[in-house]
Amino acid sequence: MGIVSPGFHGRRRGAGVKLPPGQYLTEDFPVLSAGPTPRIRPEDWEFTVTTETGQEHRWSWRELLDLPGETPTVDIHCVTKWSKLGTSWEGVSLDTLLADVDTAADYALVHSYGGYTTNLPLEDLLDGQAWIAYRFDGEDLAPEHGGPARLLVPHLYFWKSAKWVRGIRLMDEDEPGFWETAGYHDYGDPWREQRYQGD
Ligand SMILES: Nc1nc2c(c(=O)[nH]1)N[C@H]1C(S)=C(S)[C@@H](COP(=O)(O)O)O[C@H]1N2
Ligand SMILES: [Mo]
């Protein structure tokens, strides 16, 4: 029998792991919510994309689930310094949702049930970088983690991954969201440690 140290669970653990600067690994899934958890019944849930010209594209829960789903496995990085590696999700790519949306906008402001907002460049939602996720680790997404559905945009700090996502407004000009207005970085790249304005 070989000798295996108790904390060793596979290739992603230990010396070979590369984390963004200032981050530490966690195995749990902390809950970070700026307010109470909104409870949205799937039958009441809808997701709206509004373009810079005011055109609206809307999906019901059923319509979302009828779109082809993807199963990304990604690392996530919270600005409070925890990182979680190899998280497994199921959801619809923003490439799929935006395929028939006619827009020349450069920016997106993401809105949540409950009033949370966050902003990012539209290009960061495209090219396989972002999903509307409705399952985590093989289960329906729990309400405290954003169920029925949340944005998942793992290459930016996790505050950009709006829970209880309700819609996205596409805009010609950038507009800060909830944490960005409170002094957090406008873009939030964990690898460049863009935590706060001026980083
Ligand atoms: N609607 C909404 N989305 C949110 C937040 C929030 O407070 N409200 N917190 C953000 C922050 S700071 C983080 S780190 C992640 C936390 O997601 P989790 O609670 O599933 O870990 O959600 C992000 N999305
Ligand atoms: Mo966070």
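This one's a predicted model, so the numbers in the text were calculated from it and none came from an experiment.

S.K.: Explain the sheet that holds strand S2 (residues 46-50) here, please?
M.R.: Each strand in a sheet pairs with another by means of backbone hydrogen bonds, the pair being arranged parallel or else antiparallel. As summarised here, the arrangement of the five strands in space is S3-S2-S11-S6-S7, forming an open sheet in which the pairing is mixed. The sheet is open, and its two edges are formed by strand S3 (56-60) and strand S7 (117-121), each paired on a single side. On average, adjacent strands in this sheet sit at an angle of 15° to one another, irrespective of strand direction. In this sheet, strand S11 (residues 165-171) lies alongside S2 in parallel orientation, the contact comprising three bridges. Along S11, the bridge assignment pairs Val49 with Ile168.

S.K.: Sorry if this is basic, but what is going on with unusual backbone geometry here?
M.R.: Most of the time, phi is negative for any residue but glycine, and the peptide bond is trans. With an omega of 10°, the peptide bond between Gly147 and Pro148 qualifies as cis. For Pro148, the location among the structural elements is in the loop between strand S9 (139-140) and strand S10 (150-152). Of note in the backbone geometry, Trp164 takes a positive phi value of approximately 50° without being a glycine. On the secondary structure map, Trp164 appears in the loop between S10 and S11. Under the relative-accessibility criterion, Trp164 is labelled buried at 7%. Positive phi values are uncommon outside glycine, yet Glu193 reaches one of about 50°. For Glu193, the position within the fold is in the segment after helix H3 (178-181). Accessibility expressed as a relative area gives 28% for Glu193, which makes it partly exposed.

The rules behind these values
Residues numbered from 1 in each chain as written. Chains lettered and ligands numbered in written order. Predicted model: local features only at pLDDT ≥ 70, side-chain atom pairs only at ≥ 80, totals over all residues. Heavy atoms only, no water. Pairing = 2+ DSSP bridges. Helix = DSSP H or I, 4+ residues; strand = E, 2+ residues; numbered from the N terminus. Axes fitted to C-alpha atoms, helices over the stretch in contact; angles between N-to-C directions. Buried < 20%, exposed > 50% of the residue type's maximum accessible area, 1.4 Å probe, protein only.

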